[in-house]
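Chain by chain, the residues:
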Amino acid sequence: MSSVKLNNGWKELLEGTFQTDALLNLKEFLRAEKKQGKIILPHSSLWFNALNTTAPEQVKVVILGQDPYPTPGHAHGLCFSVMPEVKPIPKSLINVFKELEEDLGITNHNGHLQSWAEQGVLLLNSVLTVESGKPNSHQGRGWEILTDVIINTLNQQSRPIAFVLWGSYAQKKGAIIDTAKHFVLRSPHPSPLSAYRGFFGSRPFSKINQFLEQQGQTPINWQT
């Protein structure tokens, strides 16, 4: 991981965490997996894409995901997002786009969410890597410790941030967030298994933009 480039803002905040036993063990685990010929997704140059695209001082919104897509060519370091050429769009993201259309009348046919990240939406997976074809295969290896530090660092910011917690996993991960200071949106996950239990109709996009406008900040253009 020492060869991975991280923008200076996050590097300064996370440097100590990278030197902990947990993260050094994670580094050795990833190295050993590669040595065995296993394909790790996304490419190492994209592990920190979320952080490198959205510097700490630029974060206005955090959407918390679980781990990268395990299909080669899909994951690129932003939760829920896929590369522009990926068709069909993953089902959870299709449901996100259905709710966006219902909420704000915006139709997206492109699953590449890089433009959201460039506007201050930190699209953070809890686990930043996965073995190709094996969902959740890198859970419990140390990434969660790093992403807990990221969430806690943002939680301690004096300025209010919108945190979007879709599903029980994200809600447990975000339990430390100070709801008196920050705007926290909780709903079921947009996956086909749970979207009809309350994700549809939750109108997160208009609520986030209303919050940002109340804070005197520019709302997000959700068009991809």
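Structure first, text after, so check above.
Every value quoted in this text rests on a predicted model; they were computed, and no experiment measured them.

Chemist: Explanation requested: the packing of aromatic side chains in the structure shown.
Modeler: Any aromatic ring pair is given by two values, namely how distant the centres are and how the planes are angled relative to each other. One pass over the structure, following the stated rule, counts 12 aromatic pairs. Residues W47 and W143 carry aromatic rings whose centres are separated by 6.0 Å and whose planes lie at 80° to one another, so their mutual orientation is edge-to-face. One end of the pair, W47, is in the loop between β1 (40-41) and α3 (49-53); the other, W143, is in helix α6 (residues 143-155), and 96 residues separate them in sequence. With a centroid separation of 5.4 Å and an interplanar angle of 80°, the aromatic rings of F80 and W166 are classed as edge-to-face. Here the residue F80 occupies a position in the loop between β2 (61-65) and α4 (91-104), and W166 occupies one in strand β5 (residues 162-166), the gap between them amounting to 86 residues. Comparing F80 with W166, the two get one shared label, buried.

Chemist: Could you clarify how one ought to interpret the environment of S191 in this entry?
Modeler: Checked against the element boundaries, S191 lands in the loop between β6 (183-187) and α8 (204-214). Assessed through its relative accessible area of 15%, S191 is described here as buried. Separated by 100 residues in sequence, S191 and K91 place their C-alpha atoms 6.6 Å apart. Ignoring anything within four residues of it in the chain, the contact list for S191 reads S92 and N95.

Chemist: Just to check I follow, could you spell out the environment of G65 for this structure?
Modeler: In this fold, G65 is placed in strand β2. For G65, a relative accessible area of 7% gives the class buried. Separated by 26 residues in sequence, G65 and I39 place their C-alpha atoms 21 Å apart.

Chemist: Just to check I follow, could you spell out helix α2 (residues 21-35) for this structure?
Modeler: Since the α-helix advances by 3.6 residues per turn, residues separated by three or four positions end up pointing in the same direction. Taking 1.5 Å of rise per residue, 15 residues should cover 21 Å, and α2 covers 21 Å from first to last C-alpha, within 8% of that figure. Elements in contact with the buried residues of α2: α1 (8-18), β1, β4 (130-131) and α6. Backbone geometry just downstream of α2 places G37 in the positive-phi region, at approximately 85°.

Chemist: Teacher, can you tell me more about the sheet that holds β5 here?
Modeler: Two pairing modes exist for strands in a sheet, parallel and antiparallel, and in both the strands are linked by backbone hydrogen bonds. One open sheet accounts for four strands, arranged β3-β2-β5-β6; its pairing is parallel. Two strands bound the open sheet, and with one partner strand each, they are β3 (121-125) and β6. Pairs of neighbouring strands in the sheet enclose a mean axial angle of 15°, with direction left out of account. Sheet analysis places β5 next to β6, joined by five bridges and oriented parallel. Looking at β6, one finds that L165 is bridged to R186.

Chemist: Can you walk me through the pairing of β5 in this structure?
Modeler: A regular strand places its side chains on the two faces of the sheet in alternate fashion. Most of β5 sits out of view: five of its five residues are buried. Of the two faces of β5, the one holding A162, V164 and W166 and the one holding F163 and L165 are both buried throughout. As paired strands, β2 and β5 are joined by four bridges and run parallel to one another. The residue bridging V61 from the neighbouring strand is A162, located in β5.

Chemist: When you look at the pattern of salt bridges in this model, what are you seeing that I'm missing?
Modeler: In a structure, side chains of opposite charge can pair up when their charged atoms sit close to one another. Counted by the stated rule, this structure contains five salt bridges. Ionic pairing is found between E33 and K38, a salt bridge with its closest N-O pair at 3.4 Å. Residue classification places E33 among the buried residues on the basis of a relative accessible area of 8%. With a shortest N-O distance of 2.9 Å, K173 and D148 are connected by a salt bridge. Placement of K173 in helix α7 (residues 167-173) and of D148 in helix α6 is noted, with a sequence separation of 25 residues between them. Classification of D148 as partly exposed rests on a relative accessible area of 35%.

Here is what the cut-offs are and how they apply
Residues numbered from 1 in each chain as written. Predicted model: local features only at pLDDT ≥ 70, side-chain atom pairs only at ≥ 80, totals over all residues. Heavy atoms only, no water. Phe/Tyr/Trp six-rings, centres within 6.5 Å; stacked < 30°, edge-to-face > 60°. Helix = DSSP H or I, 4+ residues; strand = E, 2+ residues; numbered from the N terminus. Buried < 20%, exposed > 50% of the residue type's maximum accessible area, 1.4 Å probe, protein only. Contact = heavy atoms within 4.5 Å. Expected span 1.5 Å × (residues − 1). Pairing = 2+ DSSP bridges. Axes fitted to C-alpha atoms, helices over the stretch in contact; angles between N-to-C directions. Salt bridge = Lys/Arg side-chain N within 4 Å of Asp/Glu carboxyl O.

Limitation: the analysis is restricted to geometry and does not speak to function.
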